[in-house]
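Report on the structure
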Amino acid sequence: MTAALGIATALPAFAQPGSVPLSFRPIWPGAAPGGEKVTAPEQEIPRSPTGPRDDTAFLHVRTPTIAHIAPARPNGAAILLIPGGGYLRVAVGNGGRALLQFFADRGYHAYLLKYRLPGDPWAAGPDAPLQDAQRALRLIKAEAKANGVATDRIGVMGFSAGGHLAAMLAYRQDETYRAVDAADAQPLGVRAAALLYPVALMGVAGTHRGSQEQLLGRDPAPDRAARYRTDARIGAASPPTFIAHAIDDRVVSVDNGLALLAALRRAKVPAEAYLPEIGGHGFGVTLDGKPAPWTGLFLDWARRHGL
């Protein structure tokens, strides 16, 4: 059943039997910026009629939020997790709690972002999701000292279209909104980025057409498409980046991950890539009841780079 949900009613969405519901909080002190023309109600829907109860996605996000799990044994670092959904929805279910808990169990303050979607008429257009990602990062930095987190040990990890948004957060340093409170004095920038089966290309072969259409329209001008290619945003100052992308991915072509890797190599930015022959689209953190191979590779890599 599809229903318009406010924050309070959305709280139990990630809860598993016997678990404590996640705590969600809005990232903006009032309404999200530039929403004067947005009228569609926010909805939470099941991703599959036969899937688990917590396998949900959000449409027409009006109130961006973050969920947070604090570690029992903190390692002094934090990670912002950005789910995908082709920029048509935000697929926060299907293991969202498991993903947060996985990183919290390994010492990270783990955060999950529910962000606005560019298909709604936000004034910022394709930068509306990035406004939310930048704001979430600044909130994490603003509370870092209280959480025992070093502000230079905060990373971002994105999945599919969320990988595109995570890359924009990592590789762009321009301001996308006016400051609304003291948290916005925090600088942008992350220690490291992890991009899993990421959308990266726009306007060229290998582009994920659904994400491009939601972000930029059906046939964006070449220069406009180029501005939203995340591989084109990589420079010498970009943070170290970990990429995981299956070669047999039929949803988002591995050409996207390979383009990112090539750009990172050209810029001489430290990078590592896990490119399994078989894996499809949408890795979980576990495989056959054990941590998935990419997780150990990422954690070892993250430690080497101070995350």
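Shown above is the structure to which this text applies.
Everything in this summary refers to the structure shown in the same document. (Residues numbered from 1 in each chain as written. Predicted model: local features only at pLDDT ≥ 70, side-chain atom pairs only at ≥ 80, totals over all residues. Heavy atoms only, no water.)

Our focus in this paragraph is the pattern of salt bridges. Counting across every chain of the model gives 14 salt bridges. Among the ionic pairs, Asp 132 bridges to Arg 116, the shortest N-O distance being 2.9 Å. In this pair, Asp 132 is assigned in helix H3 (residues 128-142) and Arg 116 in the loop between strand S7 (109-114) and H3, connecting sequence segments 16 residues apart. The exposure class of Arg 116 is buried, given its relative accessible area of 0%. When salt bridges with common partners are traced through the structure, they connect Asp 127, Arg 172 and Asp 174 into a single cluster. (Salt bridge = Lys/Arg side-chain N within 4 Å of Asp/Glu carboxyl O. Helix = DSSP H or I, 4+ residues; strand = E, 2+ residues; numbered from the N terminus. Buried < 20%, exposed > 50% of the residue type's maximum accessible area, 1.4 Å probe, protein only.)

Okay, empty space enclosed by the protein next. Rolled over the atoms, a probe sized like a water molecule indicates the empty space that remains. By the definition in use, this model includes two cavities of 30 Å³ or more. The volume enclosed by the largest cavity comes to roughly 50 Å³. Residue lining of the largest cavity: Tyr 87, Pro 126, Asp 127, Pro 129, Leu 130, His 164, Leu 165, Met 168, Leu 215 and Tyr 228, and that is the complete set. Breaking the lining of the largest cavity down by element, the ones donating at least two residues are H3 and helix H5 (161-171). (1 Å grid on protein atoms, 1.4 Å probe; cavity = no way out; pocket = protein on both sides within 12 Å on 5 of 7 lines; lining within 4 Å. Points joined across faces, edges and corners; volume = space filled by probe spheres on them.)

As a further point, take the pairing of strand S10 (residues 241-244). The two faces of a sheet get side chains in turn, since along a regular strand they alternate between them. Burial along S10 is two-sided: Thr 241 and Ile 243 and Phe 242 and Ala 244, pointing in opposite directions, are all buried. Bridge analysis of strand S9 (residues 193-196) against S10 gives four bridges, and the strand direction is parallel. Among the inter-strand pairings, Ala 193 is bridged to a residue of S10, identified as Thr 241. Across four bridges, the pairing between S10 and strand S11 (residues 271-274) is parallel. Residue pairing across strands places Ile 243 opposite Ala 273, the latter belonging to S11. (Pairing = 2+ DSSP bridges.)

Tracing the backbone shows Thr 241 in strand S10. Residue classification places Thr 241 among the buried positions, given a relative accessible area of 0%. Within polar-contact distance, the side chain of Thr 241 engages the side chain of Tyr 171 at 2.9 Å. Within the local environment of Thr 241, its side chain forms a polar contact with the backbone oxygen of Pro 239, the two atoms lying 2.9 Å apart. Among residues more than four places away in sequence, those in contact with Thr 241 are Tyr 171, Ala 193, Leu 195, Leu 264, Pro 270, Ala 271, Glu 272 and Trp 301. (Polar contact = N/O pair within 3.5 Å; in protein donor to acceptor, adjacent residues only side chain to side chain. Contact = heavy atoms within 4.5 Å.)

The strand order across the open sheet formed by eight strands is S2-S5-S7-S6-S8-S9-S10-S11, and the pairing between neighbours is mixed. Here the strands that pair on one side only, and so sit at the sheet edges, are strand S2 (24-26) and S11. Pairs of neighbouring strands in the sheet enclose a mean axial angle of 20 degrees, with direction left out of account. Note: strand S8 (residues 154-159) against S9, four bridges, orientation parallel. Residue pairing in the sheet places Phe 159 in a bridge with Leu 196 of S9. Along the sheet face, helix H2 (residues 96-105) touches strand S5 (65-69), strand S6 (78-82), S7 and S8 and points at about 155 degrees away from the line of S7. (Axes fitted to C-alpha atoms, helices over the stretch in contact; angles between N-to-C directions.)

Moving on, we come to the packing of aromatic side chains. Geometry of an aromatic ring pair is reported as the spacing of the ring centres plus the angle between the planes. Inspection of the entire model under this criterion finds 10 aromatic pairs. Taken together, a centroid distance of 6.1 Å and an interplanar angle of 55 degrees make the contact between Phe 159 and Tyr 197 tilted. Note that Phe 159 is positioned in strand S8 and Tyr 197 in the loop between S9 and helix H6 (209-216), a separation of 38 residues in sequence. A single burial state applies to Phe 159 and to Tyr 197, both of which are buried. By way of ring pairs, the aromatic residues Phe 102, Phe 103, Tyr 108, Phe 242, Phe 298 and Trp 301 are connected into one cluster. The residue whose ring lies beneath Lys 114 is Phe 58, and the NZ or CZ to ring-centre distance is 4.3 Å. (Phe/Tyr/Trp six-rings, centres within 6.5 Å; stacked < 30°, edge-to-face > 60°. Lys NZ or Arg CZ within 6 Å of the ring centre and 35° of its normal.)

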